[in-house]
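A closer look at the structure
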Amino acid sequence: MTDPKTAEQLIAQIATGNRSALAALFEGESGRLVAIAQRLLRRRDLAEEVVQEAFITVWRQAASFDGSKGSARGWLTVIVRNRALNLLRDSARMDFEDSEKLVELGDRQADARAAYEALSIKDALRHCLGMLDASKREAVLLCYVTGLNHGEAAATMNVPLGTVKSWVRRGTVALQECLS
């Protein structure tokens, strides 16, 4: 981690084309910036790529840095954060699983339905789940019984992520009310 004053001095040197200043800034700040990007992206490889692209931007735009508007470290953080958010927003990256992984995962929808059917008819949880419409019930079961995250449930159900999040939230609130 570089000293805030040192970071500003290094950016000033980068603006004049000093490659060793860029290397020193990268050495001092890349660890912190990768951690920030990884927190947003949840993938180390993408976080490292975002930080690398950010330092290319720093190389090209160092002359535009204005210390009166904020710190050098803040400027770097904003560049990395914006790149990471753009990557998430663009959904330019898709994870493809090999066929073995897909077979290993199995049919999660069938697992969710089987768990629901296995509940006793007298069980209050089954009664409350039965009160939910089918899509909310399936979303809740996929997330809470089979352990899928919202994105995986959305892909499994072939619906938008926001829809699954809403169904899960509304479904769990309805279940809480019904079971209390």
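Residues numbered from 1 in each chain as written. Predicted model: local features only at pLDDT ≥ 70, side-chain atom pairs only at ≥ 80, totals over all residues. Heavy atoms only, no water.

1. Observations regarding the pattern of salt bridges
Rules: Here a salt bridge means any side-chain nitrogen of Lys or Arg lying within 4 Å of a carboxyl oxygen belonging to Asp or Glu. Only runs of H or I of at least four residues qualify as helices and only runs of E of at least two qualify as strands under DSSP, and these elements are numbered from the N terminus.
Per the counting criterion, the structure on display carries six salt bridges. Residue Glu29 is joined to Arg32 by a salt bridge in which the shortest nitrogen-to-oxygen separation is 2.8 Å. Highlighted residues: Glu29 and Arg32, both in helix α2 (residues 19–41), separated by three residues, approximately one helical turn. Residue Glu48 pairs with Arg44 through a salt bridge whose shortest N-O separation is 2.8 Å. In this pair, Glu48 and Arg44 are both assigned in helix α3 (residues 44–61), four residues apart and thus about one turn of the helix distant.

2. Looking at the state of the cysteines
Stated formally: Criterion for a disulfide: a pair of cysteine sulfur atoms within 2.5 Å. Remark: exposure states derive from per-residue accessible area (1.4 Å probe, protein chains only) relative to the maximum for the residue type, with buried under 20%, exposed over 50%, and partly exposed in between.
Counted according to the given criterion, the structure contains one disulfide. One disulfide in the model links Cys128 with Cys178; its S-S distance is 2.0 Å. Taking the sign of the torsion about the S-S bond as the criterion, the disulfide between Cys128 and Cys178, at about -80 degrees, is left-handed. Of the two residues, Cys128 is situated in helix α7 (residues 124–131) and Cys178 in helix α10 (residues 161–179); the sequence distance between them amounts to 50 residues. The class of Cys178 is partly exposed, set by a relative accessible area of 31%.

3. Thoughts on the nonpolar core
Our working definition: For the purposes of this section, nonpolar cores are sets of buried Ala, Val, Leu, Ile, Met, Phe, Trp, Tyr and Cys residues that join through side-chain atoms within 4.5 Å.
Residues Leu25 and Val58 are the most contacted members of the largest nonpolar core, which totals 28 residues. Broken down by secondary-structure element, the contributors of at least two residues to this core are α1 (4–15), α2, α3 and α4 (72–90). A per-element tally of this core places α2 first, with eight residues. Formed by 18 residues, the second largest nonpolar core is a distinct cluster that contains Leu129, Cys143, Trp167 and Leu175.

4. Section: helix α9 (residues 150–157)
We apply this condition: The directions considered for the arc run from the helix axis to the C-beta atoms. The term polar contact refers here to a pair of N or O atoms within 3.5 Å; inside protein, the definition further demands a hydrogen-donor-capable atom paired with an acceptor-capable atom, and it admits residues adjacent in sequence only when both atoms are side-chain atoms.
Here α9 has its buried residues at Ala153, Ala154 and Met157. On an axial view of α9, the arc spanned by its buried residues comes to 100 degrees, and they lie on one face. Of the residues that open α9, the one with a side-chain oxygen 3.0 Å from the backbone nitrogen of Gly151 is Asn149. Positive backbone phi, approximately 60 degrees, marks Asn158, located one or two places after α9.

5. Some remarks on the confidence of the model for the chain
Our working definition: In predicted models, pLDDT denotes the confidence assigned by the predictor to each residue on a 0 to 100 scale.
On average, residues of the chain score 83 in pLDDT, and 87% of them are at 70 or above. By mean pLDDT, helix α5 (residues 99–105) is the weakest element of the chain at 54, and α3 is the strongest at 92.

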